Amino acid sequence: ATAQVGVVGLAVMGSNLARNFARHGYRVAVYNRTGAKTDELVRAHGDEGTFVPSAGLAGFVASLERPRRVVIMVKAGGPTDAVIDELVPLLEPGDIVVDGGNAHFPDTVRREAALAEKGLHFVGAGISGGEEGALNGPSIMPGGPAASYAALGPMLEEISAHVDGVPCCTHVGPDGAGHFVKMVHNGIEYADMQLIAEAYDLMRHALGATPSELAQVFADWNAGDLDSFLIEITAEVLAHTDAETGKALVDVIVDEAGQKGTGRWTVQAALDLGVPVTGIAEATFARAVSSSVPQRRAARDLPAHVGTWDVADRDGFVEDVRKALYASKVVAYSQGFDQIAAASAEYGWDIDRGAMARIWRGGCIIRATFLDRITEAYQRDPGLPLLIADPYFADAVGEGVAAWRRIVSLAALNGVPAPAFSSSLAYYDALRAERLPAALVQAQRDFFGAHTYRRVDKDGTYHTLWSEDRREVVA
Ligand code: NBP
């Protein structure tokens, strides 16, 4: 037994993570179902550190120091269960099994309970940053029992991304907490990407700007408070020319966005928790709309009655779009953090939201300077009920709210879809409203279903006898 940590599953993520461990001086046991991948890893990268390859799982387990630390990096779902089933009989109490794949958090809750019965620690760890992150430092969101973090945490922190010397890894909370937070991270990523896409689309329509001109706009924005990986790569994508046609690459790509499911999971979980994550939901549905090919074809000739763009002050328009993007982005993050808080309360996870913003600052897709402001907001008030209401964000959004309204109205008048911009503004206004028409909805519910209502002027629950003499009775 010589290896300090082991990785099972050596496709792109697993082999890069194994190399990351090895480059940090750890002796890494490696195993893959198809042995050729194990051999290839050692052949191509054996000089980066110490790999202990095994052709079988038993040999792999035997090569690990106790308590064993095994990181599983295989396809999520059935394959993960298959590996766990094969691995568990070979392990001993106190050993730690980490699932670094994109598991759905209820699976993680189930697996943690099953392994705990056998005295094993199961850690569902969200790992973000794709293959590049896995190799050079991802953002790591480990859940599972706190006790396992003592043996595992320092190692994960070491291989994670670092920002200002601080690791982008911390213990998130028990059982499914890590994978839940990773899921919401991906949901926020969907919202962030959609908002950027809407900003781009509006500027293209309104200004008739070329992709390369807009690349410069995004590059400029990246120097300000929108500074983030997604804005940076947007500038790079827009500046890129297709070698074959000489056109901007973005103009030769089919406008149908795919999805692998984490956005959908986030929205499904939010519906179950009753948390409005409208930014994430609009972004997820926007991808679905883009891929609704027969519907898009059938709608092509529908009446539009759109105005024509007439932008006199181009710089002013760009600045308005920037402010609308920033405000909508704050809404999307605020909603995502509400979802984390709701799940934390529902499942008893006790998640520190400020710490989540901190470990997303590096390594992951939504890494951004902006996350520092979120960490600060939760440091000021760990129980903050609404991120947008934090003084810093309230000021920042307030400064842009007039621009946000102008952009959403112009988008509607000129027939350019901006679902995430508009729904974020509607959410903002709904939260601000002194009275919502929910009173009418509740009355309708009482009318057809005797669902009762509360009154503004006295305690109790009431029902109107709608189908009789319409007297009000105490319910
Ligand atoms: P894949 O998700 O493509 O999975 C391939 C790996 O799973 C191979 O090692 C394969 O072994 C193994 N595997 C399968 Br499939 N079924 C198995 C079974 N029944 N028993 C044992 N091994 C099995 O790999 P990936 O793209 O490296 O991703 C790994 C995990 O990391 C996934 O959960 C993914 O969602 C997650 N993730 C990926 C990214 C990314 O950017 N790709 C980012 C973040 C997280 P074989 O070689 O023998 O077929």
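It should be emphasised that the depicted structure is a prediction, and the values quoted were computed from it without experimental measurement.

A. Local environment of the overall build of the protein. Scanning the protein for helices and strands turns up 19 helices and 11 strands. Over its C-alpha atoms the protein spans a radius of gyration of 25 Å, differing by no more than 12% from the 23 Å that the globule rule assigns to 475 residues. Taking the principal axes of its C-alpha atoms as reference, the protein extends roughly 75 × 70 × 45 Å. Expressed as a percentage of the 475 residues in the protein, the buried residues total 49%.

B. View of the UniProt feature "domain: 6-phosphogluconate dehydrogenase C-terminal" (unreviewed entry) in the protein. With numbering matched to this structure, UniProt assigns "domain: 6-phosphogluconate dehydrogenase C-terminal" (unreviewed entry) to residues 178–467. The straight-line gap between the two end C-alpha atoms of residues 178–467 is 51 Å; of that span, 64% is helix and 1% is strand.

C. Up close: helix 17 (residues 391–413). Look at helix 17: 33 Å from first C-alpha to last across 23 residues, which is about the 33 Å you get at 1.5 Å a residue. Roughly 45 degrees is the biggest bend found in helix 17, and it falls at Val 401. Buried within helix 17 are the following residues: Phe 393, Val 397, Gly 400, Val 401, Ala 403, Trp 404, Ile 407, Val 408 and Ala 411. Where helix 17 is buried, its residues contact helix 8 (177–207), helix 14 (314–347), helix 16 (370–380) and helix 18 (419–432).

D. Representation of the packing of aromatic side chains. Per the counting criterion, the structure on display carries 17 aromatic pairs. Judged by centre distance (6.2 Å) and plane angle (45 degrees), the rings of Tyr 31 and Phe 60 are tilted. Of the two residues, Tyr 31 is situated in strand 2 (residues 27–31) and Phe 60 in helix 3 (residues 57–62); the sequence distance between them amounts to 29 residues. The exposure class assigned to Tyr 31 is buried, which follows from its relative accessible area of 9%. The exposure class assigned to Phe 60 is buried, which follows from its relative accessible area of 0%. Residues Phe 105 and Trp 349 carry aromatic rings whose centres are separated by 6.1 Å and whose planes lie at 85 degrees to one another, so their mutual orientation is edge-to-face. Remark: Trp 349 occurs in the loop between helix 14 and helix 15 (353–359) and Phe 105 occurs in helix 5 (residues 105–116); sequence separation between them is 244 residues. One aromatic cluster in this structure is built from Tyr 326, Tyr 333, Phe 370, Tyr 392 and Phe 393. Here the basic side chain of Arg 367 rests over the ring of Phe 229, its NZ or CZ set 4.0 Å away from the ring centre.

E. Main features of the pattern of salt bridges. In this structure the tally under the stated criterion is 28 salt bridges. Of the charged contacts in the structure, one is a salt bridge between Asp 81 and Arg 110, with a shortest N-O distance of 3.1 Å. Linking Asp 81 in helix 4 (residues 78–87) with Arg 110 in helix 5, this pair joins segments that are 29 residues apart in sequence. Across the salt bridge formed by Arg 471 and Asp 469, the nearest N and O atoms sit 3.0 Å from each other. Each of Asp 81, Asp 99, Asp 107, Arg 110 and Arg 111 takes part in a single network of salt bridges with overlapping partners.

F. Broad picture of the pairing of strand 6 (residues 121–128). By the criterion of burial, strand 6 is predominantly enclosed, with 7 of the 8 residues buried. Handedness of the crossover joining strand 5 (residues 96–99) and strand 6 through helix 5 is recorded here as right-handed.

G. Looking closely at the site of the ligand. Near the ligand, the surroundings consist of 20 residues, among which Met 13, Asn 32, Arg 33, Thr 34 and Lys 37 are the closest. Within the backbone of Val 74, a nitrogen or oxygen atom sits 2.9 Å from an oxygen atom of the ligand. One nitrogen or oxygen atom from the main chain of Ala 76 is found 3.4 Å from an oxygen atom belonging to the ligand. Across the complex, the protein chains shield 78% of the 910 Å² of accessible surface that the ligand would expose by itself. Of all the elements in the fold, those that place two or more residues in the shell around the ligand are helix 1 (12–23) and helix 4. Of the residues in the shell around the ligand, the class split is 11 nonpolar, 6 polar and 3 charged.

About the criteria used
- Residues numbered from 1 in each chain as written.
- Predicted model: local features only at pLDDT ≥ 70, side-chain atom pairs only at ≥ 80, totals over all residues.
- Heavy atoms only, no water.
- Helix = DSSP H or I, 4+ residues; strand = E, 2+ residues; numbered from the N terminus.
- Rg over C-alpha atoms; globule rule 2.2 N^0.38 Å.
- Buried < 20%, exposed > 50% of the residue type's maximum accessible area, 1.4 Å probe, protein only.
- UniProt positions renumbered as here; feature names shortened; annotations may be inferred.
- Expected span 1.5 Å × (residues − 1).
- Bend = angle between axes of the 7 residues up to and from the residue.
- Contact = heavy atoms within 4.5 Å.
- Phe/Tyr/Trp six-rings, centres within 6.5 Å; stacked < 30°, edge-to-face > 60°.
- Lys NZ or Arg CZ within 6 Å of the ring centre and 35° of its normal.
- Salt bridge = Lys/Arg side-chain N within 4 Å of Asp/Glu carboxyl O.
- Right-handed = clockwise from strand over helix to strand, strands pointing away.
- Near = heavy atom within 4 Å.
- Polar contact = N/O pair within 3.5 Å; in protein donor to acceptor, adjacent residues only side chain to side chain.
- Areas by Shrake-Rupley, 256 points an atom, 1.4 Å probe, with all protein chains shown as cover.
- Nonpolar A, V, L, I, M, F, W, Y, C, P; charged D, E, K, R; others polar.

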